[in-house]
Amino acid sequence: SASVIALGCSSAMAADLTVGFSQIGSESGWRAAETSVTKLEAEKRGIELKFADAQQKQENQIKAIRGFIAQGVDAILVAPVVATGWEDVLTEAKEAEIPVILLDRGVDAPQDLYLTSVASDQVKEGRVAGEWLATTVGDKPCKVVELQGTVGSTPAINRKKGFEEAIAGKSNISIARSQTGDFTRAKGKEVMEGFLKAENGGKDICAMYAHNDDMAVGAIQAIKDAGLKPGTDILVVSIDAVPDIFAAMVAGEANATVELTPNMAGPAFDALDAFLKDGKEPEKFIITESKLYTPADNPQGEYDNRKGLGY
Ligand code: GYE
């Protein structure tokens, strides 16, 4: 019968896969792009994607993953909002023999609880940002304010660490203030307003380092509202390379960003396909590129290139 024939070839075809995706939320332009690109990549490959938005809450992610397990999906993608607290639910998935792939953030859990992790090197991103600043200011004294990402998330932990490593040997550069802006524009603006007030209306601040572009865009607004020029009076360096930071560069209001691709799902689906078809174990960590962009790198062109790529 037709169903027997369909069954006969289905095991080798990605087209018959159902994959659950537990997404963090939509806190940033990068995150929204990752969601669109993941949906597109699934569609391209004929994968049925079950999408769950956790609204920034780990408990919602755990619930969604349990739901995917109960539905018997073929695999689960999860972008873990924070690093800790995943062991139980990942063990449940493992016991159900459902491979889990981590997207864009890491977890503090034994590596055998997930098939692979597709993410950027977040320590390196922080280092690239810090090295850019160190080179740019040279020997001039430079007080930095830092907007951290979501507390307890691997990008917040690692981007802080990498930046600190890069400026460690530079006695003229110091981090004067550091606080979370939760990876959002609104919080980035609000926290920057506090930094500006605390640092002589901003006159004592040499540079602002944000763990993502969205917080930088919010902070740029706060700097302008305080009557200072972002990009000139206060240097602006951040991470993601979303279109809006290139727009800010075109306006002379941002100085550097480190790119990470929103297409983490492409490599994830490739690894999953090879694993399910040929039993090929992927690398445990699939690392995407971290490229620095400054206003010298054709920001208008980079803005245009990215528009329509999920952003
Ligand atoms: O940089 C930021 C976001 O987890 C690497 O999460 C990701 C980060 C990204 O919302 O914009």
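So, here is what we can say about the structure in this document. Please read all numbers here as calculations on a predicted model, not as lab measurements. Per chain, the residues get numbers from 1 upward, laid out in the order the sequence is written. A pLDDT threshold of at least 70 governs which residues receive local features in this predicted model, and a stricter bar of 80 or more applies before side-chain atom pairs are shown or counted, although totals over entire chains, interfaces and linings include all residues. Neither water nor hydrogens contribute to the side-chain values; these are computed over all heavy atoms in the structure.

## Examining the side chain of Glu 125
Here is the rule we go by: Runs of H or I in DSSP of at least four residues are treated as helices and runs of E of at least two as strands, each being numbered from the N terminus. Whether two residues are in contact is decided by their heavy atoms, any of which lying within 4.5 Å being enough.
With respect to the secondary-structure elements, Glu 125 resides in helix α5 (residues 122-137). Setting aside residues no more than four positions away along its own chain, Glu 125 makes contact with Ser 120, Arg 159, Ile 239, Val 258, Leu 260 and Ser 290.

## Some thoughts on the site of the ligand
Rule in force here: The near set for a molecule or strand comprises every residue that places at least one heavy atom within 4 Å of it. Under the rule applied, a polar contact is a pair of N or O atoms within 3.5 Å (in protein, one hydrogen donor and one hydrogen acceptor; residues adjacent in sequence only if both atoms are side-chain atoms). Accessible surface is estimated by sampling points in the Shrake-Rupley manner with a 1.4 Å probe; for residues, cover comes only from the protein chains shown. Residues are grouped as follows: Ala, Val, Leu, Ile, Met, Phe, Trp, Tyr, Cys and Pro are nonpolar; Asp, Glu, Lys and Arg are charged; every other residue, Gly included, is polar.
If you check the shell around the ligand, you find 13 residues, and the closest are Glu 27, Asp 104, Arg 105, Arg 159 and Asp 240. A distance of 2.4 Å is found between an oxygen atom of the ligand and a side-chain nitrogen or oxygen belonging to Glu 27. At 2.6 Å from an oxygen atom of the ligand is found a side-chain nitrogen or oxygen belonging to Asp 104. When the ligand sits alone it has 300 Å² of accessible area, and the protein chains cover 100% of it. For the shell around the ligand, the elements supplying multiple residues, two or more each, are α2 (29-44) and α6 (154-167). Looking at the shell around the ligand residue by residue, the classes come out as 4 nonpolar, 3 polar and 6 charged.

## A closer look at the sheet that holds strand β2 (residues 48-53)
Filter applied, for reference: When DSSP locates at least two bridges between a pair of strands, those strands are taken to pair. All axes are obtained by fitting lines to C-alpha atoms, using only the stretch in contact for helices, and the reported angles, taken between N-to-C directions, cover 0 to 180 degrees.
Strand order in this open sheet of 6 strands is β2-β1-β3-β4-β5-β11, and the pairing throughout is parallel. Each of the sheet's edge strands pairs with one partner strand only, and the pair in question is β2 and β11 (285-288). Neighbour-to-neighbour, the strand axes of the sheet open up by a mean angle of 15 degrees, direction not taken into account. Of the strand pairs in this sheet, strand β5 (residues 116-120) and β11 are connected by 4 bridges, and their pairing is parallel. Each bridged residue has a counterpart across the sheet, and for Ala 119 the counterpart in β11 is Ile 287. Set on the sheet, helix α3 (residues 58-71) makes contact with β1 (18-23), β2 and β3 (75-78); between it and β1 the angle comes to about 170 degrees. In the packing of helix α10 (residues 265-278) onto the sheet, contacts are made with β1, β2, β3, β4 (100-103), β5 and β11, and the angle to β4 comes to roughly 160 degrees.

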